[in-house]
Amino acid sequence: QVQLVESGGGLVQAGGSLRLSCEASGRTSDDSHRAWFRQPPGEAREFVAAISWSGGYTAYADSIKGRFTVSGDVAKNTIYLQLNSLKPDDTAVYYCATGGVGARPRRYQYWGQGTQVTVSS
């Protein structure tokens, strides 16, 4: 079965950067997306970015467009999320997911445990 492990979160100042990683063991169908979601404190989980297996398709939430970049390394079975120009509102637990498509959390079958990103003012 597929397991996902996120890493790279931490505490940064506003305007700083982080690079999140999500390493998968096992794999899903090649037509499924690999995606990043985040859940701010007390709020619902929301879509951040997605990438196709081949890397030929990417999608981003409007709220982070131009600041975050999703990428993948098929050989390493790993996806990344480069976070730049971080704002306090970006503070959340960031999750990776796979086994689904699109921007709706309930479509994804496999989830990591999350990695905390905290952005100070």
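For the structure, check the block above.
Formed by 31 residues in total, the largest nonpolar core has its most connected members in W36, V48, F68, L81, L83 and Y94. For this core, the elements supplying multiple residues, two or more each, are β3 (18–25), β4 (33–39), β5 (46–52), β7 (68–73), β8 (78–83), β9 (92–100) and β11 (115–120). By residue number, the principal contributor to this core is β5, which donates five residues. Each residue touching V48, except ones within four places of it in the same chain, is listed here: W36, F37, R38, A59, Y60, A61, I64, F68, L81 and Y94.

Strand order in the open sheet formed by four strands is β1-β3-β8-β7, with antiparallel pairing between adjacent strands. Since the sheet does not close on itself, it has two edges, and those belong to β1 (3–7) and β7, each with one partner. Here the average twist between neighbouring strands, direction ignored, is 15°. Pairing analysis gives six bridges linking β3 to β8, with the strands arranged antiparallel. Bridged to L18 within β8 is L83.

Unusually for a residue other than glycine, N77 sits at a positive phi of about 55°. One can find N77 in the loop between β7 and β8. For N77, a relative accessible area of 14% translates into the label buried. Phi at S85 is positive, roughly 50°, even though this residue is not glycine. The partly exposed category is assigned to S85, whose relative accessible area is 41%.

Conventions we followed
- Residues numbered from 1 in each chain as written.
- Predicted model: local features only at pLDDT ≥ 70, side-chain atom pairs only at ≥ 80, totals over all residues.
- Heavy atoms only, no water.
- Core = buried A, V, L, I, M, F, W, Y, C linked by side-chain atoms within 4.5 Å.
- Buried < 20%, exposed > 50% of the residue type's maximum accessible area, 1.4 Å probe, protein only.
- Helix = DSSP H or I, 4+ residues; strand = E, 2+ residues; numbered from the N terminus.
- Contact = heavy atoms within 4.5 Å.
- Pairing = 2+ DSSP bridges.
- Axes fitted to C-alpha atoms, helices over the stretch in contact; angles between N-to-C directions.

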